[in-house]
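# Reading the structure
So you can see what is in the structure, the chains are spelled out below.
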Amino acid sequence: MQKNGSILLACVVALTSIFATETLASRIHKHVLRNDKGSVAKIYTVQTTRVRHRCFPGKLRAVLSHIARQVGRRPLVTSGHRSNGRRGSYHRKCLAADIRIPGVSVKRIIAAARSAPAIGGIGTYCNGIVHVDVGPRRSWHHCGGLARLTKRARLATR
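A brief report on the enclosed structure follows. Owing to the predicted nature of the structure, the values given are computational and were not obtained by experimental measurement.

Turning our attention to the sheet that holds strand S2 (residues 76-79). Paired through their backbone hydrogen bonds, the strands of a sheet run either parallel or antiparallel. Strand order in the open sheet made by the six strands is S1-S2-S3-S5-S4-S6, with mixed pairing throughout. Strands with a single pairing partner mark the edges of an open sheet, and in this sheet they are strand S1 (45-46) and strand S6 (138-142). Each of strand S3 (96-100), strand S4 (121-125) and strand S5 (130-133) is contacted by helix H3 (residues 106-114), which is oriented at about 170° to S4, the strand it contacts most.

Structure, rendered in structure tokens:
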């Protein structure tokens, strides 16, 4: 009877150590994944915690990384994924980012973006924000809304 009890106890200890090892391995794996995400986040910074950027595909992260290497500073993502907006927007598909890089001219950011291998669309706005995406190649400049009204007001006072 004591022999059976000892064998049973040995089996319980062995099973416990096996499950403990698997749990430890899964914790380590999760930690490595967290580090991978952390290293990806070092490519760029986000303006606020409300900017949705974790869904950026590798191609878009590569574009942002290329821009960072070209200008020597990390881009500041002001807008990433958003569910509202124009139908067909690459922001809605999490394939676009609006960026700015404090201390770097818009022309230099655009030049860096144009040389990125996976770049699709490049757009600029009057407020200094640059749009980059991984859709088809195209470019635009948009001054709308308040910027257009301010420009009209300046023209009216001349």
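The next point concerns the environment of Thr45. By the secondary structure assignment, Thr45 is in strand S1. Considering only alpha carbons, one finds Thr45 and Thr78, 33 residues apart in sequence, at a separation of 8.9 Å. Excluding anything up to four places from it in sequence, Thr45 contacts Arg74, Pro75, Leu76 and Val77.

Below, the discussion takes up the pairing of S2. Pairing between S1 and S2: two bridges, direction parallel. Paired with Thr45 across the strands is Leu76, a residue of S2. Regarding the hand of the β-α-β motif, the stretch spanning S1, helix H2 (residues 58-71) and S2 is left-handed. Taken together, the three bridges between S2 and S3 define a ladder with antiparallel strand orientation. Paired with Ser79 across the strands is Asp98, a residue of S3.

With that out of the way, let us pick up H3. For H3, the full list of buried residues reads Ile109, Ile110, Ala112 and Ala113. Around the axis of H3, the buried residues are gathered within 160° of arc, so they sit on the same side. Turned more than 90 degrees away from the buried face of H3 sit Lys107 and Arg114, all of them exposed. Looking at the buried positions of H3, the neighbouring elements they touch are H2, S3, S4 and S5.

This next bit is on the side chain of Thr124. Here Thr124 is to be found in strand S4. Apart from residues lying up to four places away in sequence, Thr124 is in contact with Val106, Ile110, Ile129, Val130, Trp140, His141 and His142.

Attention shifts here to the side chain of Asp133. Looking at the secondary structure, you find Asp133 in strand S5. A distance of 2.8 Å separates the side chain of Asp133 from the side chain of His131, its partner in a polar contact. Within the structure, Asp133 has its side chain in polar contact with the backbone nitrogen of Gly135 (distance 2.9 Å).

Conventions and cut-offs
The residue count restarts for each chain, going from 1 along the sequence in the order it is written. Local features in a predicted model are, by the rule used here, given only for residues with pLDDT of at least 70; side-chain atom pairs are given and counted only at 80 or more, and totals for whole chains, interfaces and linings are based on all residues. Based on all heavy atoms of the structure, the side-chain values leave hydrogens and waters out of the count. Here, any two strands with at least 2 DSSP bridges between them count as paired. In DSSP terms, a helix is any run of H or I states spanning at least four residues, a strand is any run of E spanning at least two, and both are numbered starting from the N terminus. Contacts: residue pairs with any heavy atoms within 4.5 Å of one another. Angles shown run from 0 to 180 degrees and are taken between the N-to-C directions of axes, each axis being a line fitted to C-alpha atoms and, for helices, limited to the stretch in contact. If the strands point away from the viewer and the path from the first strand over the helix to the second runs clockwise, then the crossover is right-handed. Each residue is assigned to one of three classes by its accessible area relative to the maximum for its type, calculated with a 1.4 Å probe on protein chains only: buried under 20%, partly exposed between the two thresholds, exposed over 50%. Taking the helix axis as origin, the arc is that swept by the directions to the C-beta atoms. Here a polar contact is taken to be a pair of N or O atoms separated by no more than 3.5 Å, where protein atoms must pair a possible hydrogen donor with a possible acceptor and residues adjacent in sequence count only if both atoms sit in side chains.

By themselves these figures say nothing about function.
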